[in-house]
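# Residue-level structure breakdown
Now for the letters of each chain:
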Protein chains: 6
Amino acid sequence: MKTVMTNGDLNAQTGVGIALLTFSAPQATQAMAFVNSDADMLYVPQQGSLLITTELGLLHIEPNEIACIPRGMVYRIEVATDSASSVCKAYVCENYGAAFRLPELGPIGSQGLANARDFLAPVAAFDADDRELTPTTLIKKFGGKFWQSQQAHSPFNVLAWHGNLVAFKYDTRRFNTLGSVSFDHPDPSIFTVLTSPSDTAGTANCDFVIFPPRWLVTEHTFRPPWYHRNTMSEMMGLVHGQYDAKEEGFLPGGVSLHNQMVPHGPDSDAFVKATNAPELKPVKLGDTLAFMFESRYRFNVTDYALTEHAPDANYADCWKKL
Amino acid sequence: MKTVMTNGDLNAQTGVGIALLTFSAPQATQAMAFVNSDADMLYVPQQGSLLITTELGLLHIEPNEIACIPRGMVYRIEVATDSASSVCKAYVCENYGAAFRLPELGPIGSQGLANARDFLAPVAAFDADDRELTPTTLIKKFGGKFWQSQQAHSPFNVLAWHGNLVAFKYDTRRFNTLGSVSFDHPDPSIFTVLTSPSDTAGTANCDFVIFPPRWLVTEHTFRPPWYHRNTMSEMMGLVHGQYDAKEEGFLPGGVSLHNQMVPHGPDSDAFVKATNAPELKPVKLGDTLAFMFESRYRFNVTDYALTEHAPDANYADCWKKL
Amino acid sequence: MKTVMTNGDLNAQTGVGIALLTFSAPQATQAMAFVNSDADMLYVPQQGSLLITTELGLLHIEPNEIACIPRGMVYRIEVATDSASSVCKAYVCENYGAAFRLPELGPIGSQGLANARDFLAPVAAFDADDRELTPTTLIKKFGGKFWQSQQAHSPFNVLAWHGNLVAFKYDTRRFNTLGSVSFDHPDPSIFTVLTSPSDTAGTANCDFVIFPPRWLVTEHTFRPPWYHRNTMSEMMGLVHGQYDAKEEGFLPGGVSLHNQMVPHGPDSDAFVKATNAPELKPVKLGDTLAFMFESRYRFNVTDYALTEHAPDANYADCWKKL
Amino acid sequence: MKTVMTNGDLNAQTGVGIALLTFSAPQATQAMAFVNSDADMLYVPQQGSLLITTELGLLHIEPNEIACIPRGMVYRIEVATDSASSVCKAYVCENYGAAFRLPELGPIGSQGLANARDFLAPVAAFDADDRELTPTTLIKKFGGKFWQSQQAHSPFNVLAWHGNLVAFKYDTRRFNTLGSVSFDHPDPSIFTVLTSPSDTAGTANCDFVIFPPRWLVTEHTFRPPWYHRNTMSEMMGLVHGQYDAKEEGFLPGGVSLHNQMVPHGPDSDAFVKATNAPELKPVKLGDTLAFMFESRYRFNVTDYALTEHAPDANYADCWKKL
Amino acid sequence: MKTVMTNGDLNAQTGVGIALLTFSAPQATQAMAFVNSDADMLYVPQQGSLLITTELGLLHIEPNEIACIPRGMVYRIEVATDSASSVCKAYVCENYGAAFRLPELGPIGSQGLANARDFLAPVAAFDADDRELTPTTLIKKFGGKFWQSQQAHSPFNVLAWHGNLVAFKYDTRRFNTLGSVSFDHPDPSIFTVLTSPSDTAGTANCDFVIFPPRWLVTEHTFRPPWYHRNTMSEMMGLVHGQYDAKEEGFLPGGVSLHNQMVPHGPDSDAFVKATNAPELKPVKLGDTLAFMFESRYRFNVTDYALTEHAPDANYADCWKKL
Amino acid sequence: MKTVMTNGDLNAQTGVGIALLTFSAPQATQAMAFVNSDADMLYVPQQGSLLITTELGLLHIEPNEIACIPRGMVYRIEVATDSASSVCKAYVCENYGAAFRLPELGPIGSQGLANARDFLAPVAAFDADDRELTPTTLIKKFGGKFWQSQQAHSPFNVLAWHGNLVAFKYDTRRFNTLGSVSFDHPDPSIFTVLTSPSDTAGTANCDFVIFPPRWLVTEHTFRPPWYHRNTMSEMMGLVHGQYDAKEEGFLPGGVSLHNQMVPHGPDSDAFVKATNAPELKPVKLGDTLAFMFESRYRFNVTDYALTEHAPDANYADCWKKL
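Attention in this report is confined to the structure presented alongside it. (Residues numbered from 1 in each chain as written. Chains lettered and ligands numbered in written order. Predicted model: local features only at pLDDT ≥ 70, side-chain atom pairs only at ≥ 80, totals over all residues. Heavy atoms only, no water.)

Moving on, we come to the relation of the copies chain B and chain A. Superposition of the two copies of the chain requires a rotation about an axis together with a shift along that axis. Aligned on chain A, chain B shows an RMSD of 0.0 Å; the corresponding rotation is 180° and the shift along the axis is 0.0 Å. Taken together, the rotation and translation relating the two chain copies correspond to the operation of a two-fold axis. Relative to the rotation axis, the closest C-alpha in chain B is found at G106(B), a distance of 2.3 Å. In this assembly the copies share their binding face: 100% of the residues contributing to the interface of chain B also contribute to that of chain A. (Least-squares fit on C-alpha atoms with pLDDT ≥ 70 in both. Contact = heavy atoms within 4.5 Å.)

Moving on, we get to the packing of aromatic side chains. Counted according to the given criterion, the structure contains 102 aromatic pairs over all chains. Aromatic side chains F119(A) and F168(A) sit 5.5 Å apart centroid to centroid with 75° between the ring planes, which places their arrangement in the edge-to-face category. Here the residue F119(A) occupies a position in the loop between β9 (88-95) and α1 (129-132), and F168(A) occupies one in strand β12 (residues 168-171), the gap between them amounting to 49 residues. Here F119(A) and F168(A) have matching classes, each one buried. A connected cluster of aromatic rings, assembled from ring pairs, spans F34(A), Y43(A), Y75(A) and F146(A). If you follow R298(B) out to its NZ or CZ, it ends over the ring of F142(C), 5.4 Å from the centre. (Phe/Tyr/Trp six-rings, centres within 6.5 Å; stacked < 30°, edge-to-face > 60°. Helix = DSSP H or I, 4+ residues; strand = E, 2+ residues; numbered from the N terminus. Buried < 20%, exposed > 50% of the residue type's maximum accessible area, 1.4 Å probe, protein only. Lys NZ or Arg CZ within 6 Å of the ring centre and 35° of its normal.)

Moving on, we come to the pattern of salt bridges. The full count for this structure, using the stated rule, is 77 salt bridges over all chains. Residue D118(F) pairs with R174(F) through a salt bridge whose shortest N-O separation is 2.7 Å. Separated by 56 residues along the polypeptide, D118(F) in the loop between β9 (88-95) and α1 (129-132) and R174(F) in the loop between β12 (168-171) and β13 (178-180) bring together distant segments of the chain. Given a relative accessible area of 8%, D118(F) falls into the buried group. A relative accessible area of 46% means that R174(F) is categorised as partly exposed. Residues joined in a network through salt bridges with shared partners are E62(A), D171(A) and R173(A). (Salt bridge = Lys/Arg side-chain N within 4 Å of Asp/Glu carboxyl O.)

Residue and element names in this part refer to chain F. Pairing is mixed across the open sheet formed by six strands, whose spatial order is β6-β5-β8-β3-β10-β11. Two strands bound the open sheet, and with one partner strand each, they are β6 (57-61) and β11 (145-151). Between one strand axis and the next, the sheet turns by 30° as a mean value, whatever way the strands run. As paired elements, strand β5 (residues 50-54) and strand β8 (residues 74-79) share five bridges and run antiparallel to each other. Across the sheet, the residue bridging to T53 is R76, located in β8. (Pairing = 2+ DSSP bridges. Axes fitted to C-alpha atoms, helices over the stretch in contact; angles between N-to-C directions.)

Together, Y227(A), F271(A), V272(A) and L322(A) make up a nonpolar patch on the protein surface, roughly 340 Å² of accessible area in all. Looking at where Y227(A) falls in the secondary structure, it is placed in the loop between β16 (214-216) and β17 (233-240). (Patch = residues over 30% accessible without salt bridge, like charges linked within 9 Å, V, L, I, M, F, W, Y side chains within 5 Å. Areas by Shrake-Rupley, 256 points an atom, 1.4 Å probe, with all protein chains shown as cover.)

Let us look at the pairing of strand β2 (residues 16-23) of chain C. All names here are of chain C. Of all the eight residues making up β2, seven are buried; the element is thus mostly covered by neighbouring parts of the structure. Summarising the sheet, β2 and strand β9 (residues 88-95) pair through eight bridges and their orientation is antiparallel. Bridge pairing in β9 links L20 to Y91.

So, about the side chain of S295(A). Residues and elements named next belong to chain A. In this structure, S295 sits in strand β20 (residues 289-295). From its side chain, S295 meets the backbone nitrogen of Y297 in a polar contact 3.1 Å long. Residues in contact with S295, not counting those within four places in the same chain, are N7, A204, N205, C206, M232 and S233. (Polar contact = N/O pair within 3.5 Å; in protein donor to acceptor, adjacent residues only side chain to side chain.)

Where chain B comes nearest to chain D, the C-alpha atoms are still 20 Å apart, and the two do not contact one another. Left apart from each other, chain A and chain E have a closest C-alpha approach of 20 Å.

All names here are of chain A. Mapped onto the elements of the fold, N230 is located in the loop between β16 and β17. Linking N230 and V262, residues 32 residues apart in sequence, is a C-alpha distance of 7.1 Å. Excluding residues that lie within four positions of it along the chain, N230 makes contacts with Q260, M261 and E294. Of the polar contacts made by the side chain of N230, one reaches the side chain of E294; its length is 2.7 Å.

Here the focus is the interface of chain B and chain A. Chain B puts 34 residues into the contact, and the matching count from chain A is 34 residues. Buried area between chain B and chain A, both sides added, is near 2700 Å², and the carbon and sulfur share of it is 54%. Counting the contacts that link chain B with chain A gives two salt bridges. The shortest N-O distance in the salt bridge between K284(A) and E219(B) comes to 3.2 Å. Here chain B and chain A share 25 residue pairs in polar contact (both at pLDDT 80 or more) between them. Of all the elements in the fold, those that place two or more residues in the side of chain B that touches chain A are β13 (178-180) and β16 (214-216) of chain B. Considering every element that reaches the side of chain B that touches chain A, the biggest residue donor is β13(B), with three residues. Tallied by class, the residues present in the side of chain B that touches chain A amount to 15 nonpolar, 11 polar and eight charged. (Buried area = accessible area lost by both parts, 1.4 Å probe. Nonpolar A, V, L, I, M, F, W, Y, C, P; charged D, E, K, R; others polar.)

Below you can see the structure in the form of structure tokens.
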């Protein structure tokens, strides 16, 4: 797991860290487990299926699904036995701020977007007998650093629990996508799955926003996203398919970053395609899932990302022909 | 102007009255004017064009448009000279509660539904010279009763004004209609144009909701409204076209009422049509404008409405075949 | 079911009605059902066990338990087959205002008083086959009046449901009673099970408060309730046992009323007993359940209660010796 | 005065510093005075009596009492002439955040916990005549650093004042302790004396919580604190007596720290004792006063504390036998 | 005491009643006392000095002062022995709604208008010995009706009390009057002494507003009140002096009423005087005290006021010359 | 532009930077433009007139006026062609926190202080033809650092716009100054023009407060500001005239700083003058404009200010004679 950008201040409980997770072999022997005391962990798998063992039970997620582990909970991540790929990749958001919650829906009403009933708790499971007695190394993130301790037994020995803090998974294919059915291009906030609010309405610590399959039917409208400078900072990822504002140069597993007030919008190709569309018929934007972690704080890119992941030096060229 | 139903309590500044307005001749000679001290007045013309002269200037509205006159402001309504029909008809909502305002948009973001910039103030106009000296009869609604006084001059003699209380008009064709672009049928609150809130979020004193032309693209979905009992009371009207949950028996200019907790939904025909649709392709729900005044208080139908407007005694039969 | 007192205004969605329910035979043949469009119904059984059949399934309650049916939901009440008494009695609160909810706990923290996990949804059940086809008379309360209609089938034919409006039961024996473990007599608000808030914090539309078994350990304290005038109005009932501020003259199934600003407190006997207690040792206040419906609005006693239920004309004598 | 741990950020007006104050001789000649521009100062004396001279008058506190001096107010601390010990010790909380206030009581009602009427303002006093003319050295904490200036007269020369910012004292023996009188172990928030809230309800900048003498009467309950990981960080101190979750190894004047998400709970001895108690009779937890400064931010221990105050290296062993 | 107008709904705890109180002889023998269970009572004496005996002690008020007795508190009113007039007159506001409180000051800051420290609690007093044993008739207002009972002793036998509900007096001469020191005429809300808020900010259940002595220094301004229609209803009284917008026809002890949306403003004389003022020098508006009870609800004038107090039939003539 | 003090934390979006701007020649050739991604920019010109070209049009400001450019908007500042001085000077507040807005007025009512209608949007203007094609260097402040890029055309090529984020100007001579018209010296918050709120009411991130011409009429009052320690930090500037609490040693263009809890007040001369005034007649405080940026955070003075702008080492001497 490599952190590519962070913002805010872990000690002040603001901001997020964004990491890329890759593992082809079992992440660890059975004898290791992890706990993050600083942050909630949101996993967005992009390749392969993950099995997350938590103190509350098991979460199995595959691309198009997400999982969230609250801070202070012990867990372990492995390649699931049914994974289509032996190499698993995931985007990870380490949230130092307020816990992710569902947005208030306002005029959308009593249901819509991500519905509460589609969030799933872990499947009950615990280590018993011999397994319970396996000596385990516990890795802990605390105060931004890693610490390690040994314990004589498995931490996954909880028989039953009740409470209101829970690890969960969600399938984005159950997202009730809303949009314009008349004209104009709505704000992407209409695609908010989960929000970590700040003290100021409208400028979240972090919004998790998806761009799922959906119908485009707006008339008298330039259908791709508009050109804009955003008061918030946008980190985007792509799980699969093509993102309609940038069909080339933004690949599944990649990351784009548009920090606060950096102007951006569709690339030249997308602009030409949209302005030359002969007639605005209904179009199903099909098999794709892009997403955004949008934050009120400016992201700082890590040295690791700048050196190990070759940044796209010609990124701005995509607008050159405009 | 005939009141057909009311609710709440005018003296407690809660609830609304719903009236039907019809006039074929000039409503009054030039020498009459009206002021409602009890309520804001929302006009929804259904036939013909209206000219509303206010202390702040002129508002010209036709079907698909609405106008609102705040309480305490003097005005006069006439058939506009360019009216397509010499008989004008309008629905009127007399709002005793909090002034109509735009709903908070929540995740919809910074724009959407009715946009603030589309609400238009009156066009400047005033009576000068001889016209200013016309003796005028002022009719006032105050405490639920009508009062009358004479004055030696026109009340429309205001040269200029500034302030934050204003009569306004709005063209519903500029409504940025949102809806599901995936599956499911959203709450009609997503069509809210204006809301008069109560002290309890989610249960308005009165919501003005429209059902404008829009694309239907939802998949795996029963597309008409669902069958439901509502904690609020729904008064519906139809400006023109057909309402998709009841294509027959609900004519332009008509009124339907489903009070709180009265079960209702699409009629048998709409049900059969929707469940037998061979394939759910995108459909443009075209030339129509239905609307709803939805209130947390139960509507009481006036004697006038029960006797003069023959209620549809067989209304419930529309669900018989279900 | 006989209403003994009401307050507020059903049409304004404020206040409550208090009724006494008694039935020795089946309340109705299978072919009847009831729905209240005006109010949520809170049942506090005092004698015998009740079976409540709702559209969502079955609730079985006995003394010490309560059940709540939200407005607009169809249900039927019968003597349960396992009832210890063939005559069932219950107190009923018809709540016109905001739905009952758990109080905010403040410094009590994340758990305490009535815990959310102890509220139980109905047990799944529905009428199928022949039972589904039983013609049923539906009695509806709407606008403060009773209405009746016939339908050709059972209303309890719902196979499955999801939503966030639900009938529920609660066992007051699971109430986590808090109190002083040092000195002084806390406000009875510390015994709040459910509250129907008004727009003003601290003055509820209705609080449902219980006086369950608990330990009394306060020192240097007059342990019974204090003498007071209350800004709110207090209707009390007794399910079983003795109420410590009035051991005589307040019997199970009875009702006492102290309207706003009426001074009251322990009777002379309770006063003498408490002030002469030789030493304040821990005492378990055992097998008893009194309760209170406390409302910001003054209760108006019905003619029925004043004539059919002989009011205690000498009630005030209980304080005479003070 | 030696700071042992801090958190938050003084410049951002968040967090607290915790210090241990010891002095056996007069803290200063008459000619010195102190003012903290950065923080309110909460004193919790553990040994000996303190006399605090402030611009508003005198506060005399002894163990079981506390005093708070608002930021910007000049004061001086001395061993009181009637002190039982010539060596005085106190815990000090330097609060950079929102001023300490009483918590909202919620269902506890209009009184309970620390009651407003038990907070005492300084006793009027001022330096006159010769004393007024004593040259004084003023030590100021400003921006986290100490500054010094000379003035020709005493700062305690205020004859009278009015206002709403005041130094105060409070006697914890007047705390109206609430707790469970049925079963279960409530959250320690029920012992909150004062809170310095943050912008997020439930996660205070700092809560000052006490564990005073009280009755334990809960049944069917493990009476000591539960085992838990806390989203907040807990710094505990002991004024006198024994803390029931750790009777050994936690001495008066000592400090324990359990930072966020560090699992903890009663030691092995406490566990054995509680689970083997033959019968759960009422027990008076007598002569003791432990307390907690609980904060949403992680505490950082100072070098001073790590080197000068030998940390208990075997602290975790207390749970080994579990 | 004669009620001249009321609004709102006593049972719904909204609105106020306005009464005129006159008594030349002792209001009652020592053996009578009064309690209002429905409303707080605000007294504005206009002639003579009043002695109010309450359960908490004595309040002595004279013109320019006010007193408020909370609902449920027993009291007695008499002509004070030092009254300059043997006939006492007072305006009375019976407040059914939220208790009067100080307004939030907003940008005015931490002090200004009526300062909290100028509100005085009753002077301690109680009936002892023989006086304590005087049989007393208690008159109670409850549910809008008067009730009477006998008790064997004086109700004013309270030795000491503490609490947060208190009768109080205030001297309007201590009102820190703010106003424009540049130009323009501020809203009269800047003269608010006490407010009984409603659930909607800006539209109080009742504001008590005074027009005390003050400097007028505004330049380029029409200094009297503007001509306006008010969304709230204004009941005005005059304690002494002249009101600057109507120097004639509005006498001390009189009442004027401008209900919601009734246009009004300075009379013709005031208009001529203000527009012809040769130069806008600073002017001290001296010895006068007018006041207003301003309410969001329309006042209904009682039959008593319409018949016994001859209304000024030519009131509107004061604007004729305009 | 030289920054003289900062506070808060740009990355956490709190605090402000204060800078002094001086330029005698054109600030830049036509080919340069500036954008601040971190902060809104508030300009307070002190000498000469400025022309600000923004993407939305032109703002022309002179002393007594102010202008504000929201973060992310491109603009250019030049000496206006009609400037009375070829050397222009301005105070600049770089606001990292919440956008400046008008304060809530509280009892001041619906108008007063700075009125919304006096804030002016830019005058429409754009670069067309040749000017549009001028290559331009864009200087950007981003993350506290300056960045530079080239573009082939003018950024001021926007033909039309709509939206709710706008650059604006305001003339402080239109400020409706309120103050005491009786006695006492109000809080300076009564002079608030704009506020950038923090999460805590009463302690703004930054208040922009002016001391404009106004009448002083208070009686029985020490009319200059009081002596005080402020929980907030005060940076003052002087546009022209004399500040009444310090007539000497505080010159136009100068800066004074009183950080949190630093005691201050009128200098000795002001004190003597005010206490010896023979009679408190109305006085017009004439031709002057001082102002304050008041912040909850302590200001840190930059090295530049400490070395290049000789601080007044004898500043405290102004109080020596007191």
